[in-house]
Amino acid sequence: MRQYQEEYIANTKSITELMLHTELIGLPPEEICRRLRMKGIGVRELQERNNRILRERLIPTLDNILTAGEEEIDALVEFTDALLQRQLDAGVRYYVCRALVSVARVQGNRNLLIKELYMTGMALYGLRSTLEGQDDSQFCWRMRMVFGEAAGYIRYYDEIDDADTRGYIHRSMGNLALGIAGHDSRTAEKKMEVLRRSLQVLTDPVYQEKTPQLPWNTYIYKQHQERTTLMEYLRGGEVTARIVGEVMESAQYVYDRQVKNARERGMPLEARWLYTYYAASYYCGVYTLPELLHKIEEVYASASFSDYSVNGMYGNIFLPAIYSVHLGKDPELLERKKPVVLMMYRRMKEYLKRVPPGENTGSLSSYVRGSMGAYIEYPGENSFRDYVEEVIAGRQPETYAHSYMVSRLASLIFDEMMETMPEQLVGVRGTKSVGELQERREEVERFLYDCCILHDIGKLKMLELYELPNRGWFAEEEELYRFHTVYGWQMLTRYDSTKDLAPAALGHHRWFDGQGGFPEAYHREQDAVLTDIVSVADFIDEICNPGENYQCETVCPEEMLEQLRAFAGARFSPFAAEAAVRREEDIKKVLTDSL
C-alpha cells in the first residue's frame, strides 16, 4: 500500500477508538453531551485528514486510473483488500473497485476484472444493507450486474489458470442471490434458482478436480447457509413445496455441520442455526406452533447474557424478535405468552446497555433493527416509546445526546412562543383556545419532549452509517442518510404509544414552505407547529455541535442565528425562528454549558 493509504486506515482506526463510549454509560445527559463535544473535536480533525487524503491523493488517482502504473494498481488492490478484511468503508471500496474494473477492461486483465467485479459487488452489498429493503432497487440492480458478469466467466473456466480467480467466479455465482430483492414468492423462486445453480456447480466433481486447492466444503456450506435465509419467504406461506423442501435440506445440512463442529470444539451449537433447523422443521409440518415456540424458548435460555459475540447477540436480541413474529400468528398464544415476552424484552434492554460500543457493530445493528421491527406492545405494560428511548440512551449516545440537546432548545422556543405568540400554538394536541393550551401546558411540553427524544429514531436502523465518521459522505451515502426520517416514521406509526410522534420524525428536515429538504412525502398536518419547533432546535444543535453531525460544518452561535433569520419563512417556520432568535442568550448558554 501507499503511505497515504496506510495513513487513511490508521486515521480510521483512531476514529474507531474515539467513538468507543464505554466511559459514558450511566452518566447524566449533560455530562454525555459535554464529553461527546470534546471528542467530536478530535474526530473532526482526523476526519479532515482523511478528507484531505481523499481529495488530494485518492480521488485524483482514480480520476487518472487509466494512466496509472502497475505499482499504483497493485497498491489500490491491496488497499481495498485491507478495507474489506477489516470491514471498513464500503463507500471508498466501491469507488476504488469500480475504477479497478475499468483498468482491467482496458488492459484485458481477466483475473483482475473478475476479482474487482466481485469486490465491487461486495462493496455495494455493504452500502445496500443499510437500506433494509427500503427502495434498494438501484443497489440490487448494480449488484446483479457485477456479480452476474463475474459469474458468467464460468463459461471460460478452463481458460483461467489462477485458482483465486476461479474462486471469485464461484463466490459471485452464489452472491447473485444477494441482488434479488423482494418479499414475494416470485422473488423466492428467483433466489432459489440462483442458489440451485451455484450448488450444482460447487458439488460437481469435475470442477472440484479442476481446482482442488479451493475450499469447496466451505463454499458449499455457505451456500446452504444462504439458502436457509429464504426462511423469511416460508413465513408468508406463499412458496412452493419444492422451496420448503430445499430450505429444510439446507437447514439439515447446516445443522449436521454445526453438530459436528460443536463436538470437535467442545462448544454448544450456535443459536442461529438451531433456530433455523427448528423453524424449517415447523414449516415442513414436523412441529406445531406451540412446539416451535417451546424450542425457541430453549434456545433462548441457553444464550449467555454476557456473550457479546455475534452468536450471543443473536440469542439475546434477535431471538426475542423471532419469537414475537411467530407469536403474532396466534392471538390466544400472544396473550398466554405475555409473561415470557415481557421477560425477554426486559432482558434485551439490559443486554443492549451492556454491549461494549464497537463490538460486532454490523451484526448488532441488524439485530436491533429486527427487534424494533417485530416489537410487541402490550397496552399499559411495555410501551414501544420507552423501549426505543432506552435503546437510544444505552446504545447510541451520540443520538441520545443530540436528542436531549434538541429537547432543551425546543423547550426554550416553546416557552418564548407561549409568552409572546401563544395563538400560534393553538391547535396543538387538539387544543381549541389559548386558555385550554395554558391548562394543558404540561401535557404539551411532555409531548414536545417525546417528539425531540425520538425525532432521530430512524438512525437506529442505519447505525453503520453513523458509528464510523471517518470521512465525508459520498452521494450514495447521503442518499441513504435521507431515509432516516422515513425509517423513523415507519417505526413510530406501528404503535399506539408512538404514532402521534411520527410526524416530527418524518418532517424535521422538510422545509417550512415545502420547497426543499426531505422527504417530499411529509405534509404539514398533525401538530405541525411542534415539528416546526423540533426542526429549528435540531438545526441549532446540528450546526453548532462538533460532536453531532460530522458531515455538517460547525459554525458559531452568531452565524447560526444569522442563518435562522435568513431562512425564516422558507426553511424554518417564521414563528419558531423568531422565538429562537429572541432567546438568543438562553440558547447560547445551553450550547456553551455542554462544552
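Data block above holds the structure.
Residues numbered from 1 in each chain as written. Predicted model: local features only at pLDDT ≥ 70, side-chain atom pairs only at ≥ 80, totals over all residues. Heavy atoms only, no water.

Here's the deal with the overall build of the chain
Under the convention used in this document: Helix and strand definitions follow DSSP, with helices as H or I runs of at least four residues and strands as E runs of at least two, each counted in order from the N terminus. Based on C-alpha atoms, the radius of gyration is set beside the globule rule, defined as 2.2 Å times the residue count to the power 0.38. Whether a residue is buried, partly exposed or exposed follows from its accessible area with a 1.4 Å probe, protein chains only, as a fraction of its type maximum: under 20%, in between, or over 50%, in that order. In what follows, residue pairs with any heavy atoms lying within 4.5 Å of each other are defined as contacts. Note on areas: Shrake-Rupley with a 1.4 Å probe; residue coverage comes only from the protein chains shown. Under this rule, positive means Lys or Arg and negative means Asp or Glu; His and the chain ends count for nothing. Lysine's charge is taken at NZ, arginine's at CZ, aspartate's at CG and glutamate's at CD.
Broken down by element type, the chain carries 30 helices and zero strands. For the chain, the C-alpha radius of gyration of 26 Å lies close to 25 Å, the compact-globule estimate for 595 residues. Overall, the chain is about 85 × 65 × 40 Å in size when its C-alpha atoms are taken along their principal axes. The buried share among the 595 residues of the chain stands at 56%. In the chain, once contacts between residues fewer than 6 apart in sequence are set aside, the share between residues at least 24 apart is 70%. Entry remark: accessible area of the chain is about 25,500 Å², with carbon and sulfur atoms responsible for 48%. Distance between charge centres in the chain, computed from 71 positive and 92 negative side chains, equals 4 Å.

Regarding helix α27 (residues 528–544)
Owing to its 3.6 residues per turn, the α-helix aligns residues three or four sequence positions apart on the same side. Short version of the rule: In a helix, the anticipated span is given by 1.5 Å times the number of residues less one.
In this model α27 runs 24 Å from its N-terminal to its C-terminal C-alpha over 17 residues, within 8% of the 24 Å that 1.5 Å per residue would give. In terms of burial, α27 is largely enclosed, as 17 of its 17 residues are buried.

Description of the packing of aromatic side chains
The condition is simple: Two rings from Phe, Tyr or Trp (for Trp, the six-membered ring) form a pair when their centres sit within 6.5 Å of each other. Planes less than 30 degrees apart are called stacked, planes more than 60 degrees apart edge-to-face, and all others tilted. A ring is considered to have a charge above it if a Lys NZ or an Arg CZ atom is located within 6 Å of its centre and within 35 degrees of its normal.
Considering all chains together, one arrives at 27 aromatic pairs under this definition. Judged by centre distance (5.3 Å) and plane angle (35°), the rings of Phe-318 and Tyr-367 are tilted. Taken together, the positions of Phe-318 in helix α15 (residues 310–327) and Tyr-367 in helix α18 (residues 361–373) put the pair 49 residues apart, joining distant regions of the chain. By relative accessible area, Phe-318 is classed as partly exposed at 23%. With relative accessibility at 9%, the residue Tyr-367 sits in the buried group. An aromatic cluster of three or more residues is present, and its members are Tyr-345, Tyr-375, Phe-384, Tyr-387 and Tyr-495. In this arrangement the basic side chain of Arg-142 is found over the ring face of Phe-139, its NZ or CZ atom lying 5.4 Å from the centre. When the ring centre of Phe-447 is taken as reference, the NZ or CZ atom of Arg-429 above it lies at 3.9 Å.

Focus on the nonpolar core
One broad trend across soluble globular proteins is that nonpolar side chains are buried collectively. The cut-off we apply is this: Here, the term nonpolar core denotes a set of buried Ala, Val, Leu, Ile, Met, Phe, Trp, Tyr and Cys residues that are joined through side-chain atoms within 4.5 Å.
Core analysis: the largest hydrophobic core is formed by 122 residues, its most contacted members being Ile-533, Ile-540, Met-560 and Leu-564. Broken down by element, the residue count for this core peaks at 12 residues, all from helix α20 (residues 397–420). In this structure, Leu-564 is in contact with Val-536, Phe-539, Ile-540, Phe-572, Ala-577, Ala-580 and Val-581, ignoring residues within four places of it in sequence. If you look at the next biggest cluster of nonpolar residues, it comprises 69 residues, including Tyr-8, Leu-83, Cys-97 and Met-122.

Details of helix α25 (residues 484–493)
A large share of α25 lies buried, amounting to seven of its 10 residues. Among all positions in α25, only His-484, Thr-485, Val-486, Tyr-487, Gly-488, Met-491 and Leu-492 are buried.

With respect to unusual backbone geometry
The peptide bond linking Phe-518 to Pro-519 adopts the cis configuration, its omega dihedral lying at -5°. Turning to its location among the elements, Pro-519 is positioned in the loop between α26 (502–507) and α27. One non-glycine residue, Gln-87, lies in the positive phi region at around 55°. With respect to the helices and strands, Gln-87 occurs in the loop between α3 (70–85) and α4 (90–107). Of the residues examined, Gln-87 reaches a relative accessible area of 62% and is grouped as exposed. A positive phi angle, close to 50°, is found at Asp-89, a residue other than glycine.

Some words on the packing of α3 against helix α5 (residues 110–128)
As a reminder, the rule being used: Axes here refer to lines fitted to C-alpha atoms; in helices the fit is confined to the stretch in contact. Angles between the N-to-C directions go from 0 to 180 degrees. Crossing handedness is defined as follows: a turn of the near helix away from the far one that is anticlockwise and smaller than a right angle gives a left-handed crossing, while the clockwise case is right-handed. In the scheme used here, Gly and all other residues not listed as nonpolar or charged are polar, with Ala, Val, Leu, Ile, Met, Phe, Trp, Tyr, Cys and Pro taken as nonpolar and Asp, Glu, Lys and Arg as charged.
Axis separation between α3 and α5 bottoms out at 12 Å; the angle between their running directions is 35°. The two elements α3 and α5 meet at a crossing, and its hand is left-handed. Only Leu-112, Lys-115, Glu-116 and Met-119 of α5 make contact with α3, whose side of the interface consists of Ile-73, Val-77, Thr-80, Asp-81 and Leu-84. Taken together, the residues that form the contact of α3 with α5 break down as five nonpolar, one polar and three charged.

Digging into the packing of α15 against helix α17 (residues 338–354)
How we decide: Geometric relationships in this document are graded by angle, where less than 35 degrees denotes roughly parallel, more than 145 denotes roughly antiparallel, 65 to 115 denotes roughly perpendicular, and other angles denote oblique.
For the pair α15 and α17, the least separation of the axes is 10 Å and the interaxial angle reads 150°. Taken together, the axis directions place α15 and α17 in an arrangement best described as roughly antiparallel. Where α15 crosses over α17, the handedness of that crossing is left-handed. Listed contacts from α17 to Gly-312, Met-313, Asn-316, Ile-317, Pro-320, Tyr-323, Ser-324 and Leu-327 of α15 are Val-340, Val-341, Met-344, Tyr-345, Arg-347, Met-348, Tyr-351 and Leu-352. Of the residues belonging to the contact of α15 with α17, the class tally is 12 nonpolar, three polar and one charged.

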